[in-house]
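Listed here are the chains, written in short residue letters.
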Amino acid sequence: MQNEKIPYKIYLSENEMPKAWYNLRADMKQKPAPLLNPGTQQPMTAEELSGVFCEELVKQELDDTTAFFQIPEEIRSFYKMYRPSPLVRAYCLEEKLDTPAKIYYKFEGNNTSGSHKLNSAIAQAYYAKKQGLKGVTTETGAGQWGTALSMACAYLGLDCKVYMVKCSYEQKPFRREVMRTYGASVTPSPSMDTQVGRKILAEHPGTTGSLGCAISEAVETAVGSEGYRYVLGSVLNQVMLHQSVIGLEAKAALDKYGVKPDMIIGCAGGGSNLGGLIAPFMGQKLRGEADYRFIAVEPASCPSFTRGVYAYDFCDTGMVCPLAKMYTLGSGFIPSANHAGGLRYHGMSSTLSELYHQGLMEATSVKQTEVFEAAEYFARVEGILPAPESSHAIRVAIDEAMKCKETGEEKTILFGLTGTGYFDMVAYEKFHDGQMEDYIPTDAELEQYRNTLPKIG
Ligand SMILES: *Cc1c(COP(=O)(O)O)cnc(C)c1O
(Lines give C-alpha, C1' and ligand atoms only; values in the text may rest on other atoms or scores of the structure.)
Protein backbone atom coordinates (compact mmCIF):
# COMPACT_ATOMS: atom_id res chain seq x y z
CA MET A 1 0.00 0.00 0.00
CA GLN A 2 2.79 2.38 0.94
CA ASN A 3 4.09 2.64 -2.59
CA GLU A 4 0.75 3.53 -4.14
CA LYS A 5 1.49 7.23 -3.67
CA ILE A 6 -2.10 8.08 -2.95
CA PRO A 7 -2.16 10.29 0.13
CA TYR A 8 -4.41 9.56 3.08
CA LYS A 9 -6.28 12.74 2.30
CA ILE A 10 -6.59 14.14 -1.19
CA TYR A 11 -7.18 17.87 -1.00
CA LEU A 12 -7.88 20.07 -3.97
CA SER A 13 -6.67 23.66 -3.96
CA GLU A 14 -9.14 26.54 -3.82
CA ASN A 15 -8.63 27.11 -7.52
CA GLU A 16 -9.60 23.52 -8.27
CA MET A 17 -12.93 23.97 -6.51
CA PRO A 18 -15.81 23.71 -9.02
CA LYS A 19 -16.84 27.00 -10.66
CA ALA A 20 -20.24 25.66 -11.74
CA TRP A 21 -22.80 23.22 -10.37
CA TYR A 22 -23.71 20.34 -12.65
CA ASN A 23 -27.35 19.68 -13.47
CA LEU A 24 -27.63 15.94 -14.05
CA ARG A 25 -31.12 16.29 -15.55
CA ALA A 26 -29.56 17.88 -18.65
CA ASP A 27 -28.05 14.50 -19.55
CA MET A 28 -31.18 12.45 -18.85
CA LYS A 29 -33.09 11.40 -21.95
CA GLN A 30 -36.17 10.56 -19.92
CA LYS A 31 -36.51 13.59 -17.64
CA PRO A 32 -37.85 13.41 -14.09
CA ALA A 33 -41.61 14.00 -13.94
CA PRO A 34 -42.61 17.65 -13.30
CA LEU A 35 -44.08 18.95 -10.04
CA LEU A 36 -47.86 19.20 -10.30
CA ASN A 37 -50.28 21.74 -8.90
CA PRO A 38 -52.40 19.68 -6.48
CA GLY A 39 -55.52 21.63 -7.47
CA THR A 40 -55.31 21.52 -11.28
CA GLN A 41 -52.94 18.53 -11.60
CA GLN A 42 -51.07 20.56 -14.24
CA PRO A 43 -47.29 21.12 -14.10
CA MET A 44 -46.41 23.91 -11.67
CA THR A 45 -45.46 27.12 -13.47
CA ALA A 46 -42.61 29.39 -12.41
CA GLU A 47 -45.19 31.96 -11.40
CA GLU A 48 -47.02 29.55 -9.10
CA LEU A 49 -43.80 28.34 -7.53
CA SER A 50 -42.43 31.83 -6.94
CA GLY A 51 -45.13 32.51 -4.34
CA VAL A 52 -43.39 29.94 -2.16
CA PHE A 53 -39.79 29.77 -3.41
CA CYS A 54 -37.15 32.36 -4.39
CA GLU A 55 -37.21 33.30 -8.08
CA GLU A 56 -33.70 32.19 -9.01
CA LEU A 57 -34.24 28.87 -7.23
CA VAL A 58 -37.48 28.34 -9.15
CA LYS A 59 -35.52 28.76 -12.39
CA GLN A 60 -33.03 26.15 -11.25
CA GLU A 61 -35.85 23.86 -10.15
CA LEU A 62 -37.59 23.90 -13.50
CA ASP A 63 -34.53 23.84 -15.77
CA ASP A 64 -33.79 20.32 -16.98
CA THR A 65 -31.69 21.27 -20.01
CA THR A 66 -28.89 23.60 -18.80
CA ALA A 67 -25.98 21.37 -17.80
CA PHE A 68 -23.96 23.91 -15.81
CA PHE A 69 -24.96 26.76 -13.51
CA GLN A 70 -22.16 29.11 -12.58
CA ILE A 71 -21.59 29.30 -8.82
CA PRO A 72 -21.75 33.00 -7.84
CA GLU A 73 -18.44 34.35 -6.47
CA GLU A 74 -20.07 35.19 -3.09
CA ILE A 75 -21.10 31.56 -2.65
CA ARG A 76 -17.67 30.35 -3.71
CA SER A 77 -16.02 32.53 -1.10
CA PHE A 78 -18.32 31.10 1.56
CA TYR A 79 -17.51 27.60 0.30
CA LYS A 80 -13.82 28.39 0.76
CA MET A 81 -14.36 28.51 4.54
CA TYR A 82 -14.84 24.73 4.53
CA ARG A 83 -14.28 23.50 1.00
CA PRO A 84 -12.83 21.78 -0.94
CA SER A 85 -13.70 18.99 1.47
CA PRO A 86 -11.24 16.13 1.84
CA LEU A 87 -11.46 12.91 -0.09
CA VAL A 88 -10.00 10.29 2.23
CA ARG A 89 -8.39 7.01 1.27
CA ALA A 90 -9.54 4.76 4.10
CA TYR A 91 -6.21 2.96 4.48
CA CYS A 92 -6.88 2.19 8.15
CA LEU A 93 -10.29 0.71 7.43
CA GLU A 94 -8.94 -1.37 4.54
CA GLU A 95 -6.19 -2.73 6.75
CA LYS A 96 -8.53 -3.52 9.62
CA LEU A 97 -10.98 -5.28 7.31
CA ASP A 98 -8.07 -7.02 5.61
CA THR A 99 -9.74 -6.45 2.27
CA PRO A 100 -8.22 -6.09 -1.19
CA ALA A 101 -10.86 -3.40 -1.87
CA LYS A 102 -9.73 0.20 -2.08
CA ILE A 103 -12.02 2.45 -0.10
CA TYR A 104 -12.44 6.21 -0.43
CA TYR A 105 -14.85 8.52 1.30
CA LYS A 106 -15.78 12.12 0.67
CA PHE A 107 -16.10 13.81 4.05
CA GLU A 108 -18.69 16.59 4.32
CA GLY A 109 -18.70 16.92 8.11
CA ASN A 110 -15.85 19.40 8.49
CA ASN A 111 -17.99 22.50 9.02
CA THR A 112 -19.76 23.62 12.21
CA SER A 113 -23.21 22.56 11.02
CA GLY A 114 -21.68 19.12 10.66
CA SER A 115 -23.06 18.01 7.30
CA HIS A 116 -23.25 18.53 3.55
CA LYS A 117 -26.44 20.57 3.99
CA LEU A 118 -24.47 23.81 4.20
CA ASN A 119 -23.64 23.47 0.48
CA SER A 120 -27.25 24.17 -0.44
CA ALA A 121 -28.13 26.35 2.57
CA ILE A 122 -25.68 29.06 1.55
CA ALA A 123 -26.89 28.95 -2.05
CA GLN A 124 -30.54 29.23 -1.09
CA ALA A 125 -29.89 32.00 1.45
CA TYR A 126 -27.82 33.87 -1.15
CA TYR A 127 -30.63 33.88 -3.72
CA ALA A 128 -33.15 34.95 -1.06
CA LYS A 129 -30.90 37.85 -0.09
CA LYS A 130 -30.33 38.81 -3.70
CA GLN A 131 -34.09 38.96 -4.23
CA GLY A 132 -34.28 41.46 -1.39
CA LEU A 133 -36.20 39.19 0.99
CA LYS A 134 -36.26 39.69 4.77
CA GLY A 135 -36.00 36.05 5.65
CA VAL A 136 -36.76 32.40 5.03
CA THR A 137 -38.72 29.66 6.75
CA THR A 138 -37.96 25.98 6.84
CA GLU A 139 -38.44 22.72 8.68
CA THR A 140 -35.82 20.57 10.30
CA GLY A 141 -35.96 17.00 11.52
CA ALA A 142 -32.77 15.86 13.18
CA GLY A 143 -31.59 19.46 13.01
CA GLN A 144 -28.73 19.44 10.52
CA TRP A 145 -30.59 21.38 7.88
CA GLY A 146 -31.88 23.97 10.35
CA THR A 147 -28.35 24.43 11.66
CA ALA A 148 -26.88 24.80 8.20
CA LEU A 149 -29.53 27.31 7.16
CA SER A 150 -29.08 29.29 10.39
CA MET A 151 -25.35 29.59 9.68
CA ALA A 152 -25.97 30.70 6.12
CA CYS A 153 -28.62 33.24 7.15
CA ALA A 154 -26.43 34.65 9.91
CA TYR A 155 -23.63 35.15 7.39
CA LEU A 156 -25.90 37.04 5.00
CA GLY A 157 -28.00 38.87 7.59
CA LEU A 158 -31.30 37.15 6.80
CA ASP A 159 -33.99 36.20 9.31
CA CYS A 160 -34.49 32.45 9.69
CA LYS A 161 -37.58 30.73 11.14
CA VAL A 162 -37.22 27.02 11.74
CA TYR A 163 -40.02 24.54 12.51
CA MET A 164 -38.35 21.67 14.28
CA VAL A 165 -40.05 18.28 14.55
CA LYS A 166 -41.22 18.20 18.16
CA CYS A 167 -39.52 14.97 19.25
CA SER A 168 -36.15 16.30 17.98
CA TYR A 169 -36.80 19.67 19.60
CA GLU A 170 -37.14 17.90 22.92
CA GLN A 171 -34.46 15.24 22.42
CA LYS A 172 -31.85 17.50 20.88
CA PRO A 173 -31.69 20.67 22.94
CA PHE A 174 -28.08 21.29 21.91
CA ARG A 175 -28.95 21.28 18.24
CA ARG A 176 -31.70 23.77 18.96
CA GLU A 177 -29.30 26.04 20.84
CA VAL A 178 -26.78 25.96 18.01
CA MET A 179 -29.50 27.30 15.71
CA ARG A 180 -30.41 30.01 18.20
CA THR A 181 -26.75 30.91 18.55
CA TYR A 182 -26.77 31.65 14.83
CA GLY A 183 -29.86 33.81 15.33
CA ALA A 184 -32.66 31.54 14.10
CA SER A 185 -36.01 31.27 15.85
CA VAL A 186 -36.91 27.64 16.51
CA THR A 187 -40.51 26.46 17.01
CA PRO A 188 -41.47 22.89 17.90
CA SER A 189 -43.80 21.40 15.27
CA PRO A 190 -46.74 20.89 15.21
CA SER A 191 -47.30 24.30 16.79
CA MET A 192 -50.30 26.48 17.53
CA ASP A 193 -48.80 29.23 15.30
CA THR A 194 -50.22 27.92 12.05
CA GLN A 195 -53.58 26.72 10.80
CA VAL A 196 -52.14 23.40 9.69
CA GLY A 197 -50.35 22.93 13.03
CA ARG A 198 -53.55 23.58 14.97
CA LYS A 199 -55.45 21.16 12.74
CA ILE A 200 -52.89 18.39 13.16
CA LEU A 201 -52.80 18.94 16.95
CA ALA A 202 -56.59 18.77 17.12
CA GLU A 203 -56.61 15.48 15.21
CA HIS A 204 -53.55 13.93 16.89
CA PRO A 205 -53.12 15.64 20.29
CA GLY A 206 -50.12 13.58 21.44
CA THR A 207 -48.19 13.69 18.17
CA THR A 208 -44.43 14.22 18.33
CA GLY A 209 -44.49 15.63 14.81
CA SER A 210 -43.01 14.65 11.48
CA LEU A 211 -41.02 16.26 8.71
CA GLY A 212 -44.07 16.38 6.47
CA CYS A 213 -45.99 18.29 9.11
CA ALA A 214 -43.15 20.75 9.81
CA ILE A 215 -42.88 21.43 6.06
CA SER A 216 -46.57 22.37 5.94
CA GLU A 217 -46.11 24.79 8.83
CA ALA A 218 -43.02 26.40 7.32
CA VAL A 219 -44.74 26.83 3.93
CA GLU A 220 -47.82 28.37 5.52
CA THR A 221 -45.69 30.84 7.48
CA ALA A 222 -43.66 31.81 4.40
CA VAL A 223 -46.73 32.37 2.25
CA GLY A 224 -48.40 34.40 5.01
CA SER A 225 -45.41 36.64 5.87
CA GLU A 226 -44.38 39.48 3.60
CA GLY A 227 -40.78 39.27 2.41
CA TYR A 228 -40.40 35.60 3.31
CA ARG A 229 -39.99 32.49 1.20
CA TYR A 230 -39.77 28.83 2.07
CA VAL A 231 -36.56 26.85 1.56
CA LEU A 232 -36.06 23.08 1.65
CA GLY A 233 -32.94 21.11 2.50
CA SER A 234 -33.39 18.04 0.32
CA VAL A 235 -35.60 16.28 -2.24
CA LEU A 236 -35.86 19.21 -4.71
CA ASN A 237 -33.85 19.40 -7.93
CA GLN A 238 -32.27 22.72 -6.93
CA VAL A 239 -30.84 21.10 -3.77
CA MET A 240 -29.35 18.23 -5.75
CA LEU A 241 -27.88 20.80 -8.14
CA HIS A 242 -26.06 22.59 -5.31
CA GLN A 243 -24.91 19.28 -3.83
CA SER A 244 -23.24 18.36 -7.13
CA VAL A 245 -20.24 20.21 -5.69
CA ILE A 246 -19.61 17.03 -3.64
CA GLY A 247 -19.39 14.76 -6.67
CA LEU A 248 -17.51 17.26 -8.82
CA GLU A 249 -14.80 17.63 -6.17
CA ALA A 250 -14.66 13.89 -5.53
CA LYS A 251 -14.25 13.19 -9.22
CA ALA A 252 -11.59 15.90 -9.66
CA ALA A 253 -9.62 14.46 -6.72
CA LEU A 254 -9.84 10.88 -8.03
CA ASP A 255 -8.98 11.98 -11.57
CA LYS A 256 -5.78 13.57 -10.24
CA TYR A 257 -4.57 10.13 -9.29
CA GLY A 258 -6.14 8.26 -12.18
CA VAL A 259 -8.55 6.41 -9.89
CA LYS A 260 -11.89 5.22 -11.21
CA PRO A 261 -14.38 3.89 -8.66
CA ASP A 262 -16.27 0.67 -9.43
CA MET A 263 -19.10 1.53 -7.11
CA ILE A 264 -20.40 4.68 -5.47
CA ILE A 265 -22.43 4.37 -2.30
CA GLY A 266 -24.46 6.96 -0.45
CA CYS A 267 -27.18 7.16 2.16
CA ALA A 268 -30.55 8.32 0.91
CA GLY A 269 -33.04 10.38 2.89
CA GLY A 270 -34.47 12.81 0.37
CA GLY A 271 -31.61 12.01 -1.99
CA SER A 272 -29.62 15.25 -2.08
CA ASN A 273 -26.19 14.06 -0.93
CA LEU A 274 -26.40 10.88 -2.95
CA GLY A 275 -27.63 12.78 -6.00
CA GLY A 276 -24.81 15.30 -5.59
CA LEU A 277 -22.13 12.66 -5.06
CA ILE A 278 -23.08 10.55 -8.06
CA ALA A 279 -23.99 13.43 -10.41
CA PRO A 280 -20.83 13.69 -12.57
CA PHE A 281 -20.33 9.92 -12.58
CA MET A 282 -23.96 9.24 -13.50
CA GLY A 283 -23.60 11.91 -16.20
CA GLN A 284 -20.79 9.85 -17.73
CA LYS A 285 -22.92 6.74 -17.53
CA LEU A 286 -25.86 8.47 -19.21
CA ARG A 287 -23.59 9.76 -21.99
CA GLY A 288 -22.14 6.28 -22.44
CA GLU A 289 -18.61 7.34 -21.43
CA ALA A 290 -18.12 5.13 -18.38
CA ASP A 291 -19.97 2.68 -16.19
CA TYR A 292 -20.34 2.53 -12.43
CA ARG A 293 -22.52 0.81 -9.86
CA PHE A 294 -24.52 3.30 -7.80
CA ILE A 295 -26.01 2.13 -4.52
CA ALA A 296 -28.53 4.07 -2.45
CA VAL A 297 -28.77 2.98 1.17
CA GLU A 298 -31.87 3.62 3.21
CA PRO A 299 -33.16 2.55 6.64
CA ALA A 300 -35.25 -0.62 6.77
CA SER A 301 -37.72 1.37 8.89
CA CYS A 302 -38.26 4.01 6.16
CA PRO A 303 -37.71 2.12 2.89
CA SER A 304 -38.93 4.53 0.17
CA PHE A 305 -36.89 3.05 -2.70
CA THR A 306 -36.95 -0.60 -1.77
CA ARG A 307 -40.57 -0.92 -0.67
CA GLY A 308 -42.29 2.27 -1.82
CA VAL A 309 -44.21 2.89 -5.02
CA TYR A 310 -43.30 5.19 -7.92
CA ALA A 311 -46.22 7.60 -7.98
CA TYR A 312 -47.28 11.20 -7.56
CA ASP A 313 -47.57 12.08 -3.90
CA PHE A 314 -47.76 15.01 -1.53
CA CYS A 315 -44.44 16.28 -0.22
CA ASP A 316 -45.96 17.26 3.12
CA THR A 317 -48.62 16.11 5.58
CA GLY A 318 -50.79 19.22 5.23
CA MET A 319 -50.94 18.69 1.44
CA VAL A 320 -50.09 22.32 0.68
CA CYS A 321 -46.96 21.62 -1.39
CA PRO A 322 -46.86 20.62 -5.07
CA LEU A 323 -47.19 16.95 -5.94
CA ALA A 324 -43.98 15.17 -6.87
CA LYS A 325 -43.58 11.90 -8.72
CA MET A 326 -41.25 9.84 -6.63
CA TYR A 327 -40.68 6.60 -4.80
CA THR A 328 -42.85 7.13 -1.75
CA LEU A 329 -44.33 5.40 1.25
CA GLY A 330 -47.26 7.84 1.37
CA SER A 331 -47.20 11.32 2.91
CA GLY A 332 -48.84 10.07 6.12
CA PHE A 333 -45.99 7.64 6.79
CA ILE A 334 -43.99 8.30 9.96
CA PRO A 335 -41.21 5.88 10.87
CA SER A 336 -41.51 4.02 14.17
CA ALA A 337 -40.63 6.09 17.26
CA ASN A 338 -37.68 3.83 18.07
CA HIS A 339 -36.01 4.69 14.78
CA ALA A 340 -33.03 6.87 15.70
CA GLY A 341 -31.00 6.74 12.54
CA GLY A 342 -32.37 9.69 10.56
CA LEU A 343 -33.39 9.50 6.88
CA ARG A 344 -37.04 9.62 7.90
CA TYR A 345 -38.63 11.31 4.91
CA HIS A 346 -41.48 9.41 3.22
CA GLY A 347 -40.43 10.27 -0.34
CA MET A 348 -37.33 10.62 -2.50
CA SER A 349 -35.86 13.07 -5.04
CA SER A 350 -37.79 12.74 -8.29
CA THR A 351 -34.52 12.76 -10.27
CA LEU A 352 -33.11 9.83 -8.33
CA SER A 353 -36.51 8.13 -8.45
CA GLU A 354 -36.50 8.30 -12.25
CA LEU A 355 -32.92 6.99 -12.46
CA TYR A 356 -33.78 4.14 -10.12
CA HIS A 357 -36.92 3.41 -12.10
CA GLN A 358 -34.82 3.15 -15.27
CA GLY A 359 -32.53 0.65 -13.55
CA LEU A 360 -29.54 3.00 -13.62
CA MET A 361 -28.95 2.69 -9.90
CA GLU A 362 -29.55 0.18 -7.12
CA ALA A 363 -31.01 0.56 -3.66
CA THR A 364 -30.73 -1.45 -0.51
CA SER A 365 -32.03 -1.09 3.03
CA VAL A 366 -30.25 -1.76 6.32
CA LYS A 367 -31.35 -2.20 9.92
CA GLN A 368 -30.38 0.45 12.42
CA THR A 369 -28.48 -1.83 14.82
CA GLU A 370 -26.28 -2.88 11.88
CA VAL A 371 -25.84 0.79 11.00
CA PHE A 372 -24.66 1.69 14.49
CA GLU A 373 -22.32 -1.32 14.57
CA ALA A 374 -20.72 0.03 11.42
CA ALA A 375 -20.67 3.56 12.84
CA GLU A 376 -18.83 2.46 15.96
CA TYR A 377 -16.41 0.29 14.01
CA PHE A 378 -15.64 3.18 11.68
CA ALA A 379 -15.17 5.66 14.55
CA ARG A 380 -12.65 3.35 16.21
CA VAL A 381 -10.72 2.70 13.02
CA GLU A 382 -10.86 5.97 11.06
CA GLY A 383 -11.33 8.35 13.98
CA ILE A 384 -14.30 10.32 12.67
CA LEU A 385 -17.52 10.01 14.71
CA PRO A 386 -20.05 9.57 11.91
CA ALA A 387 -23.66 10.77 11.76
CA PRO A 388 -26.15 7.88 11.91
CA GLU A 389 -27.36 8.88 8.43
CA SER A 390 -23.86 8.65 6.97
CA SER A 391 -23.35 5.32 8.71
CA HIS A 392 -25.89 3.71 6.40
CA ALA A 393 -23.35 4.22 3.62
CA ILE A 394 -20.50 3.02 5.84
CA ARG A 395 -22.43 -0.19 6.54
CA VAL A 396 -22.80 -1.05 2.87
CA ALA A 397 -19.26 0.06 2.00
CA ILE A 398 -17.95 -2.35 4.66
CA ASP A 399 -20.23 -5.13 3.40
CA GLU A 400 -19.03 -4.61 -0.17
CA ALA A 401 -15.40 -4.55 0.97
CA MET A 402 -15.97 -7.85 2.79
CA LYS A 403 -17.42 -9.37 -0.39
CA CYS A 404 -14.16 -8.40 -2.11
CA LYS A 405 -12.28 -10.22 0.62
CA GLU A 406 -14.22 -13.39 -0.20
CA THR A 407 -13.75 -13.13 -3.94
CA GLY A 408 -10.30 -11.56 -3.89
CA GLU A 409 -11.45 -8.75 -6.17
CA GLU A 410 -9.68 -5.38 -5.85
CA LYS A 411 -12.73 -3.21 -6.31
CA THR A 412 -12.58 0.53 -5.73
CA ILE A 413 -15.34 1.82 -3.50
CA LEU A 414 -16.30 5.47 -3.05
CA PHE A 415 -18.82 6.43 -0.42
CA GLY A 416 -20.24 9.66 0.92
CA LEU A 417 -19.53 10.43 4.57
CA THR A 418 -22.13 13.16 4.90
CA GLY A 419 -21.57 14.34 8.44
CA THR A 420 -20.60 13.96 12.06
CA GLY A 421 -22.73 12.53 14.86
CA TYR A 422 -21.94 14.70 17.90
CA PHE A 423 -25.61 15.60 18.36
CA ASP A 424 -26.75 12.01 18.03
CA MET A 425 -25.25 10.69 21.23
CA VAL A 426 -28.65 9.74 22.64
CA ALA A 427 -28.98 7.30 19.75
CA TYR A 428 -25.41 6.05 20.31
CA GLU A 429 -26.25 5.68 24.01
CA LYS A 430 -29.25 3.49 23.20
CA PHE A 431 -27.05 1.37 20.98
CA HIS A 432 -24.34 1.00 23.64
CA ASP A 433 -26.90 0.12 26.29
CA GLY A 434 -28.40 -2.58 24.10
CA GLN A 435 -31.68 -0.72 23.97
CA MET A 436 -31.77 -0.08 20.27
CA GLU A 437 -34.36 -2.11 18.42
CA ASP A 438 -34.89 -2.72 14.76
CA TYR A 439 -38.28 -1.99 13.44
CA ILE A 440 -39.37 -3.07 10.00
CA PRO A 441 -42.86 -2.04 8.90
CA THR A 442 -45.11 -4.87 7.76
CA ASP A 443 -46.60 -5.01 4.26
CA ALA A 444 -50.02 -4.36 5.76
CA GLU A 445 -48.77 -1.18 7.45
CA LEU A 446 -47.22 0.11 4.26
CA GLU A 447 -50.35 -0.74 2.31
CA GLN A 448 -52.41 1.41 4.63
CA TYR A 449 -50.33 4.53 3.84
CA ARG A 450 -50.17 3.69 0.16
CA ASN A 451 -53.94 3.96 0.06
CA THR A 452 -53.67 7.65 0.87
CA LEU A 453 -51.78 8.49 -2.36
CA PRO A 454 -53.59 11.09 -4.48
CA LYS A 455 -55.34 9.84 -7.59
CA ILE A 456 -53.82 11.49 -10.65
CA GLY A 457 -55.28 11.77 -14.14
C1 LIG B 1 -29.90 15.31 6.01
C2 LIG B 1 -28.79 14.37 6.05
C3 LIG B 1 -28.77 13.23 5.21
C4 LIG B 1 -29.89 12.84 4.31
O5 LIG B 1 -30.35 13.79 3.41
P6 LIG B 1 -30.17 13.62 1.83
O7 LIG B 1 -30.94 14.74 1.26
O8 LIG B 1 -30.72 12.29 1.47
O9 LIG B 1 -28.75 13.73 1.56
C10 LIG B 1 -27.67 12.41 5.26
N11 LIG B 1 -26.66 12.65 6.09
C12 LIG B 1 -26.63 13.72 6.92
C13 LIG B 1 -25.47 13.91 7.82
C14 LIG B 1 -27.71 14.61 6.91
O15 LIG B 1 -27.67 15.67 7.71
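Use the structure listed above.
Thresholds applied
- Residues numbered from 1 in each chain as written.
- Predicted model: local features only at pLDDT ≥ 70, side-chain atom pairs only at ≥ 80, totals over all residues.
- Heavy atoms only, no water.
- Near = heavy atom within 4 Å.
- Polar contact = N/O pair within 3.5 Å; in protein donor to acceptor, adjacent residues only side chain to side chain.
- Areas by Shrake-Rupley, 256 points an atom, 1.4 Å probe, with all protein chains shown as cover.
- Helix = DSSP H or I, 4+ residues; strand = E, 2+ residues; numbered from the N terminus.
- Salt bridge = Lys/Arg side-chain N within 4 Å of Asp/Glu carboxyl O.
- Buried < 20%, exposed > 50% of the residue type's maximum accessible area, 1.4 Å probe, protein only.
- Contact = heavy atoms within 4.5 Å.
- Core = buried A, V, L, I, M, F, W, Y, C linked by side-chain atoms within 4.5 Å.

*Asks:* What should I look at first to understand the site of the ligand in this one?
*Replies:* The environment of the ligand is made up of 18 residues, and the closest members are Lys117, Ser234, Ser272, Asn273 and Thr418. One of the backbone nitrogen or oxygen atoms of Gly271 is found 2.8 Å away from an oxygen atom of the ligand. With respect to the ligand, the side chain of Thr418 contributes an N or O atom lying 2.7 Å from a nitrogen atom. For the ligand, whose unbound accessible area comes to 380 Å², protein coverage reaches 94%. Elements with a minimum of two residues in the shell around the ligand: helix H12 (272-286) and helix H16 (388-407).

*Asks:* Explanation requested: the pattern of salt bridges in the structure shown.
*Replies:* Two side chains with opposite charge may pair up if their charged atoms get near one another. All told, the structure shown has 26 salt bridges when counted by the stated rule. Notably, a salt bridge pairs Arg89 with Glu94, separated by 2.7 Å at the nearest N-O pair. With a relative accessible area of 2%, Glu94 lands in the buried category. Through salt bridges with shared partners, a single ionic network connects Arg83, Lys106, Glu108 and Glu249.

*Asks:* Got a minute to help me understand helix H14 (residues 350-357) in this structure?
*Replies:* The periodicity of an α-helix, 3.6 residues per turn, causes residues three or four places apart in sequence to face the same way. The buried fraction of H14 amounts to seven of the eight residues, a majority that puts the element mostly inside the structure. Among all positions of H14, only Ser350, Thr351, Leu352, Ser353, Glu354, Leu355 and Tyr356 are buried. Structurally, H14 contributes buried residues whose contacts are with helix H11 (237-256), H12, helix H13 (304-307), strand E12 (309-314), strand E13 (323-328) and strand E14 (362-366). For H14, the N-terminal capping position is held by Ser349, with its side-chain oxygen 3.2 Å away from the main-chain nitrogen of Thr351. Residue Gly359 follows H14 closely and has a positive phi angle near 75 degrees.

*Asks:* Is there a simple way to explain the nonpolar core in this structure?
*Replies:* Considering soluble globular proteins, one finds that nonpolar side chains tend to be buried as a cluster. By size, the foremost hydrophobic cluster in this structure holds 76 residues, and its most contacted members are Trp21 and Met361. Among the nonpolar cores identified, the runner-up in size contains 28 residues, and Leu97, Val381, Ala393 and Ala401 belong to it.

*Asks:* When you look at the environment of Ala218 in this model, what are you seeing that I'm missing?
*Replies:* Positionally, Ala218 belongs in helix H10 (residues 211-224). Overall, Ala218 belongs to the buried group, its relative accessible area being 0%. Sequence-wise, Ala218 and Thr138 are 80 residues apart; in three dimensions their C-alpha atoms are separated by 5.1 Å. Among all residues touching Ala218, those that are not within four sequence positions of it are Thr137, Thr138, Glu139, Tyr163 and Tyr230.

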